[in-house]
Amino acid sequence: MNIQQYDDNKKGEFFLESEGKKLASMTDSYAGPDKIIIDNTEVDDTLKGQGLGYKLVEASVKFARLKNIKIMPLCPFANAVFNKKSDYNDIRF
């Protein structure tokens, strides 16, 4: 499964989909031109414990670095990941 992304410069989503069904999703919204707020992360119960939430956060970090923007991890899961990964401090708002 590949992580896909939707982004309209107002809201965005990183997600994993299989056979037309979203199995994991992390949503964000823009707070100005240089910051996104991660507001929710969900993983289907059948896939919990496989590290998919971490992969979604990692995808958002790569996106933020590419776009030279910061991330505010408002979502409790994303915030916990940012707290564990000091190498994400460069993009944390």
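Attention here is on the structure that accompanies the text. All values reported here derive from a predicted model rather than from experimental measurement. (Residues numbered from 1 in each chain as written. Predicted model: local features only at pLDDT ≥ 70, side-chain atom pairs only at ≥ 80, totals over all residues. Heavy atoms only, no water.)

Evaluated as defined, the whole model comprises four salt bridges. In this structure, Lys 21 and Asp 44 form a salt bridge, with 3.7 Å as the shortest nitrogen-oxygen distance. One end of the pair, Lys 21, is in strand E3 (residues 21–30); the other, Asp 44, is in the loop between strand E4 (35–43) and helix H1 (52–67), and 23 residues separate them in sequence. With relative accessibility at 22%, the residue Asp 44 sits in the partly exposed group. Here Asp 45 and Lys 48 are joined by a salt bridge, their closest N and O atoms 3.5 Å apart. Judged by relative accessible area, which is 63%, Asp 45 ranks as exposed. (Salt bridge = Lys/Arg side-chain N within 4 Å of Asp/Glu carboxyl O. Helix = DSSP H or I, 4+ residues; strand = E, 2+ residues; numbered from the N terminus. Buried < 20%, exposed > 50% of the residue type's maximum accessible area, 1.4 Å probe, protein only.)

What links the strands of a sheet is backbone hydrogen bonding, and the strands pair in either a parallel or an antiparallel sense. Ordered by their spatial adjacency, five strands build an open sheet running E1-E2-E3-E4-E5, and the pairing between neighbours is mixed. In the strand order of this sheet, the two ends are held by strand E1 (4–7) and strand E5 (70–73), each with one partner. Each adjacent strand pair in this sheet contributes to an overall mean axis angle of 25°, direction not counted. Here strand E2 (residues 11–18) pairs with E3 via eight bridges, running antiparallel. Counterpart to Glu 17 in the pairing with E3 is Lys 22. Those strands touched by H1 are E1, E2, E3, E4 and E5, and its axis lies near 40° from that of E3. This element, helix H2 (residues 76–84), spans E4 and E5 of the sheet and lies at about 120° to E5. (Pairing = 2+ DSSP bridges. Axes fitted to C-alpha atoms, helices over the stretch in contact; angles between N-to-C directions. Contact = heavy atoms within 4.5 Å.)

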